[in-house]
Structures are given as structure tokens and as C-alpha cells.
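Listed here are the chains, written in short residue letters.
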Amino acid sequence: MTAKASSRQESFLFKYGLSITAACVAETVTYPLDLTKTRLQIQGEHLHRAAPEHGGVGVKTTVPHRGMLATAVGIVREEGLRKLWQGVPPALYRHVVYSGCRMSFYEVLREKVFKKNADGTFPLWKASLSGLCAGAMGQFVASPTDLVKVRMQMEGRRRLEGKPPRVRNTAHAFRQIMREGGVRGLWSGWVPNVQRAALVNLGDLATYDTTKHLILRNTSLRDNYITHTMASVCSGLVAALMGTPADVVKTRIMNQPTKDGKGLLYSGSVDCLVKTVRKEGFLALYKGLLPIWARMAPWSLVFWLSYEEVRKLTGTSSF
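What comes next is a walk through the structure. Because the structure is predicted, anything quoted here is derived from the model rather than measured. (Residues numbered from 1 in each chain as written. Predicted model: local features only at pLDDT ≥ 70, side-chain atom pairs only at ≥ 80, totals over all residues. Heavy atoms only, no water.)

1. Examining the overall build of the protein
Secondary structure summary: the protein contains eleven helices and two strands in total. The linear arrangement of helices and strands in the protein, starting from the amino end, is α-α-α-α-α-α-α-α-α-β-β-α-α. Put simply, the protein has 319 residues, and 50% of those count as buried. Excluding contacts between residues fewer than 6 apart, the proportion of contacts in the protein whose partners are at least 24 apart in sequence is 75%. (Helix = DSSP H or I, 4+ residues; strand = E, 2+ residues; numbered from the N terminus. Buried < 20%, exposed > 50% of the residue type's maximum accessible area, 1.4 Å probe, protein only. Contact = heavy atoms within 4.5 Å.)

2. Considering the pattern of salt bridges
Going through the model one piece at a time under the given rule, you end up with twelve salt bridges. Two residues, Asp204 and Arg102, come together in a salt bridge whose shortest N-O distance is 2.9 Å. Here Asp204 is found in helix 8 (residues 190–218), whereas its partner Arg102 is found in helix 4 (residues 88–113), with 102 residues between them in sequence. Using a relative accessible area of 2% as the deciding quantity, one classes Arg102 as buried. Taking the shortest distance from any N to any O, the salt bridge between Glu107 and Arg110 comes out at 3.5 Å. In this pair, Glu107 and Arg110 both sit in helix 4, three residues apart, roughly one turn of the helix. Judged by relative accessible area, Arg110 falls into the buried class, the value being 1%. Here the salt bridges share partners, and the residues they tie into one network are Glu107, Arg110, Glu111, Lys116, Asp209 and Arg311. (Salt bridge = Lys/Arg side-chain N within 4 Å of Asp/Glu carboxyl O.)

3. Thoughts on unusual backbone geometry
If you check the backbone angles, Lys115 has positive phi at about 65° while not being a glycine. Counting through the fold element by element, Lys115 comes out in the loop between helix 4 and helix 5 (124–153). With a relative accessible area of 46%, Lys115 lands in the partly exposed category.

4. Comments concerning the packing of aromatic side chains
By the definition in use, this model includes 14 aromatic pairs. The interplanar angle of 35° and the centroid separation of 6.0 Å between the aromatic rings of Phe140 and Trp187 together place this pair among those described as tilted. Here Trp187 lies in the loop between helix 7 (170–185) and helix 8 and Phe140 lies in helix 5, a separation of 47 residues in the sequence. The class of Trp187 is partly exposed, set by a relative accessible area of 24%. (Phe/Tyr/Trp six-rings, centres within 6.5 Å; stacked < 30°, edge-to-face > 60°.)

5. Things to note about the packing of helix 8 against helix 9 (residues 225–255)
Axis separation between helix 8 and helix 9 bottoms out at 8 Å; the angle between their running directions is 170°. Our classification of the angle between helix 8 and helix 9 gives roughly antiparallel. Residues belonging to the contact of helix 8 with helix 9 are distributed by class as follows: 17 nonpolar, ten polar and five charged. (Axes fitted to C-alpha atoms, helices over the stretch in contact; angles between N-to-C directions. Parallel < 35°, antiparallel > 145°, perpendicular 65-115°, else oblique. Nonpolar A, V, L, I, M, F, W, Y, C, P; charged D, E, K, R; others polar.)

6. Comments concerning the side chain of Thr316
Along the chain, the position of Thr316 falls in the segment after helix 11 (289–313). Looking at Thr316, the relative accessible area reads 7%, which means it is buried. Polar side-chain contacts of Thr316 include one of 3.1 Å to the side chain of Thr314. (Polar contact = N/O pair within 3.5 Å; in protein donor to acceptor, adjacent residues only side chain to side chain.)

7. With respect to helix 4
Taking 1.5 Å of rise per residue, the 26 residues of helix 4 would be expected to cover 38 Å, and the 35 Å separating its terminal C-alpha atoms lies within 8% of that figure. In the structure, helix 4 departs most strongly from a straight axis at His95, where the bend amounts to approximately 30°. (Expected span 1.5 Å × (residues − 1). Bend = angle between axes of the 7 residues up to and from the residue.)

8. Focus: the packing of helix 9 against helix 11
Closest axis-to-axis distance for the helix 9/helix 11 pair is 8 Å, and the angle between their directions is 140°. When the axes of helix 9 and helix 11 are compared, the pair comes out oblique. By crossing handedness, the relation of helix 9 to helix 11 is classed as right-handed. Each of Tyr225, His228, Thr229, Ser232, Ser235, Gly236, Leu237, Ala239, Ala240, Leu241, Thr244 and Asp247 in helix 9 lies in contact with helix 11, whose residues at this interface are Leu289, Ile292, Trp293, Met296, Ser300, Leu301, Trp304, Leu305 and Glu308. (Left-handed = near helix turned anticlockwise from the far one by under 90°.)

Rendered as C-alpha cells:
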């Protein structure tokens, strides 16, 4: 391989392309679990939301509580099998931006900013800080696509509740958000969104990077799919535990009705956090943990195996 070709394969844009390829594969396969998680997180909110026709005082809806499996089965039975993939286009758009940025930013931070030790190791504190920063930066750029995804995921539930549809497709969702809040409206909920992404990527990237190289240094296992599988299982679990509370807050803020670009239920992420805990208890912050982990575990597995294999096939160094 020539030096020019090697340089191209180690470039930011080349690695960006590798990461979005793996991310799109993982997102498509595991998307129904993400939809189920979103519906679960909104479920308790319906029980405490005051009805506008009653002046917004003391009126509760009668939406029944469902578990993960019942929610998924209910979506198929009440809305159709295809609705499990409702909102997947903006989810893929999001990963074209988000996953490409987070992975590329992490490698830039690892290789150029914090730098590995002389023996090739990357200390846990550096990996954690790199993952935190990469996740936050990547999610801030991708936040508008995440907002559209959440809006589209809730359309089936709105129709079943007899409410008029808010969005018809991805383009319509973007236009509607722009009409309601202008360009700034596209970043509605970006604070909890970025907080969640920072925590998830701290767990995901730092855990995978650290676990993989610990296995390689301390066992006889090689840098292959077995090692990648073990590291990805650990990263998926840690990411789910760290990111679920911020994910609940993010989903509720993004799904709330707005007027003049301002939320009608929550004034911000702290307000949403306090109200959720006060009305539903602390464990409400972990609503959707099981589907988050059930999705994040296979997502992480599919992503990292795909990512490492694509890097290998293109002659790029292992992550």
C-alpha cells in the first residue's frame, strides 16, 4: 500500500464514511426497540398531563400502563407491523451526522489531542473525557434530526388517542418545527439531548476502547470478532445505565407541545427532571431501561462488529 493510500484511509472523512456505514446497518436492525422505548418513556406522562378542554386542572387521561413486550405487540396490533419502523428515515439521517461525527471526533481527540501513551495504551480518564466530548459535539450537530425522529415516532399513538396528526413525513416535520420556533426550534431539547449523548458515549466509546485493549493485553485472545463481541457487550450495558435518565428527559421535552417556540409542559431539562421524579418517582427516570439496553446491546454489537470489519476490509487500522 502506498503512503498516499494509507494517509487517505486514516483521514477524517474516510473514517467518517466507515462509521456511518456501520451505524446505518445497526440502526435499521434495532430500530423497533428504539420506537418501543420512546413510547414507554411517554406513557407515564399521559397519566399526569392535564386536558386542555378542562382548563388544564386536575384531569388525568386513562392510557393504560404497558411493559416493553406489550408495548411492541400493541404497536403491531393497533398500528401495523410497518409502524415499528415509523420515523426510521430521520433516524438514519441522524446517524449519518451523529455517528460519523462522534466516531471521527473521538479518534481525533485520541490521536491528536490527548494522544496515546508511548506503549500504545490510552488511559481510562482520557478515553472517558474523549467519549464525553465526542458524544456532546456529535449530538449537538445532529439534534434537529433527533427531534424530528421523536415527533414521528409518536404519531401512531396520537392517532389512536383521537388527536390530529402533527407531521406527515420527515420534510413536513422539519417545516412545521421551523414554523413553530424558527431555526432555534430545530434545537429544542438540545441540552438534555447533548447531556444524554455525552453520557452514552462516555459509556460506549470509553468502555469499548478500554475493554478491548485490556483483553488484548491480558489474555491470549486476538483482535478479532470474539474480542470485539466481548467489548461491545460491556459498552452497551454501561452506555444504557449512564444514558437512560437523560434519555427520558430528552424524549419528554422533545415530545411536549409548544407555543411560540416554548414548551407548554416543561421549561427545561431540570424542570422536566424535577416534575418527573415528583409525580412518578425516581425510578421513572429509568423508564425504558430494558428496551434501551435490549436495543443498545445488539446495536452496539452490530455496530462494532460491522465497524471493525469494514475497517479491516478497507485496510484501515483496527479501532
